[in-house]
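# What the coordinates show
Here's the letter readout for the chains.
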Amino acid sequence: ISLRRRKLIFFSFLLMILSGFFELLNIGSLLPVLTSFSNPEDILNNKLYGFLLELFNIKSSESIIYFTSIIFILLVIISNLFRILTLYINAKSAALISSDISCKVYQNTLFQPYQTHLERNTSDIITNIINGTQQIVGTLNSSLRVLYSLVNFIFVFIALVLIDTKIAVVSLITFAFIYILIIVYFKKLLREKSNDIYKSNLRIVKLIQESFGSIKN
């Protein structure tokens, strides 16, 4: 992988951390909103919100509700923007890296000795390159998504621990159980589908070659 692609991956990882951090702030800002609806005066006990309310000279209950709601909405918007940007950069990184690898593989294949080309089946080579490219894109994209989900989960878990440790532990056990069920159920299915895709691509390439070959003949 080139230095440029490594920088892109590093930038993507930074976006994941920032996105997770804003997710934490997003969850943390929900509690003051709920508190402002039930008992606005309790918000003053929060050091950060108490400082901001005093800074902007906000004293009435209605103003406190508006203020906490606006902060929550802004954090939701920022969090979602970072999420969209992170997913876009992840997809772009996966596509560019797989493109670089595919070009390298194609170049190495093209510059093989003449005798090697005579002994190889062209359709198999084309299929392997196409399938390899698709698998690299899918693997990189999936890996970056899993990493992004893991970073997000860590920040959300931290937020839940700060709010209520019991809720955090129960959530951790529940999500772990659900993920294990999903992995066990879909592992075999994904393997079968990937084999079907490979065989379909092989048939498509052979059909195209035979079609052009019949035209020449």
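Everything here concerns the structure above.
Just so you know, these numbers come straight off a predicted model, no measurement behind them.

What counts, and at which threshold
Residues numbered from 1 in each chain as written. Predicted model: local features only at pLDDT ≥ 70, side-chain atom pairs only at ≥ 80, totals over all residues. Heavy atoms only, no water. Helix = DSSP H or I, 4+ residues; strand = E, 2+ residues; numbered from the N terminus. Buried < 20%, exposed > 50% of the residue type's maximum accessible area, 1.4 Å probe, protein only. Contact = heavy atoms within 4.5 Å. Areas by Shrake-Rupley, 256 points an atom, 1.4 Å probe, with all protein chains shown as cover. Salt bridge = Lys/Arg side-chain N within 4 Å of Asp/Glu carboxyl O. Polar contact = N/O pair within 3.5 Å; in protein donor to acceptor, adjacent residues only side chain to side chain. Axes fitted to C-alpha atoms, helices over the stretch in contact; angles between N-to-C directions. Left-handed = near helix turned anticlockwise from the far one by under 90°. Nonpolar A, V, L, I, M, F, W, Y, C, P; charged D, E, K, R; others polar. Phe/Tyr/Trp six-rings, centres within 6.5 Å; stacked < 30°, edge-to-face > 60°. Core = buried A, V, L, I, M, F, W, Y, C linked by side-chain atoms within 4.5 Å. Patch = residues over 30% accessible without salt bridge, like charges linked within 9 Å, V, L, I, M, F, W, Y side chains within 5 Å.

Let us look at the overall build of the protein. When helices and strands are tallied, the protein shows six helices and zero strands. Secondary structure elements of the protein, listed N to C terminal, follow the sequence α-α-α-α-α-α. The proportion of buried residues among the 217 residues of the protein is 25%. A separation of at least 24 residues holds for 73% of the contacts in the protein among residues at least 6 apart in sequence. Of the roughly 15300 Å² of accessible surface on the protein, a fraction of 69% belongs to carbon and sulfur atoms.

The next thing to look at is the pattern of salt bridges. As enumerated under the stated definition, the model contains one salt bridge in all. A salt bridge links E23 to R83, with the shortest nitrogen-to-oxygen separation between them at 2.7 Å. In this pair, E23 is assigned in helix α1 (residues 3–38) and R83 in helix α3 (residues 61–110), connecting sequence segments 60 residues apart. Given the relative accessible area of 29%, R83 is considered partly exposed.

We now examine the environment of S61. With respect to the secondary-structure elements, S61 resides in helix α3. The exposure class assigned to S61 is partly exposed, which follows from its relative accessible area of 30%. C-alpha separation for the pair S61 and S36, spaced 25 residues apart in sequence, amounts to 7.6 Å. Not counting the four nearest positions on each side in its chain, S61 is found in contact with P40 and E41.

Turning our attention to the side chain of S29. Of note, S29 is situated in helix α1. There is a polar contact of 2.8 Å between the side chain of S29 and the backbone oxygen of N26. Apart from residues no more than four positions distant in its own chain, S29 is found in contact with Y49, F72 and L75.

For the pair helix α2 (residues 47–55) and α3, the least separation of the axes is 12 Å and the interaxial angle reads 115°. Judged by the twist between their axes, the crossing of α2 over α3 is right-handed. Judged by residue contacts, Y49, L52 and L53 of α2 engage I64, F67, T68 and I71 from α3. Partitioned by chemical class, the residues of the contact of α2 with α3 number six nonpolar, one polar and no charged.

Scanning all chains against the criterion turns up three aromatic pairs. Their ring planes at 70° and their centres at 6.0 Å tell us that F21 and F22 sit as a pair that is edge-to-face. Given a relative accessible area of 39%, F21 falls into the partly exposed group. Between F22 and F82, the ring centres sit 5.0 Å apart and the planes meet at 20°, which makes this aromatic pair stacked.

On the secondary structure map, N152 appears in helix α5 (residues 122–163). Contacts of N152, omitting those with residues within four sequence positions, involve S19, G20 and E23.

Among the nonpolar cores identified, the biggest contains 14 residues, and I43, Y49, L53, I58, I64, F67 and I71 are the most heavily contacted of them. Put simply, the parts of the chain that give this core at least two residues each are α1, α2 and α3. Among the elements that take part in this core, α3 stands out by supplying six residues, more than any other. Sequence-distant contacts of Y49, that is, excluding residues within four places in its chain, are made with S29, P32, I43, F67, T68 and I71. Counting residues in each nonpolar core, the second largest holds seven residues, with L24, Y148, V151 and A159 among its members.

The next subject is a nonpolar patch on the surface. There is a patch of nonpolar side chains on the surface, built from F10, F13, L14, I17, L147, L150, I154, I158 and L162 and spanning about 800 Å² of accessible area. Elements with a contribution of two residues or more to the nonpolar patch: α1 and α5. If you tally residues by element for the nonpolar patch, the top one is α5, at five residues. Residue placement: I154 occurs in helix α5. A relative accessible area of 43% places I154 in the partly exposed class.

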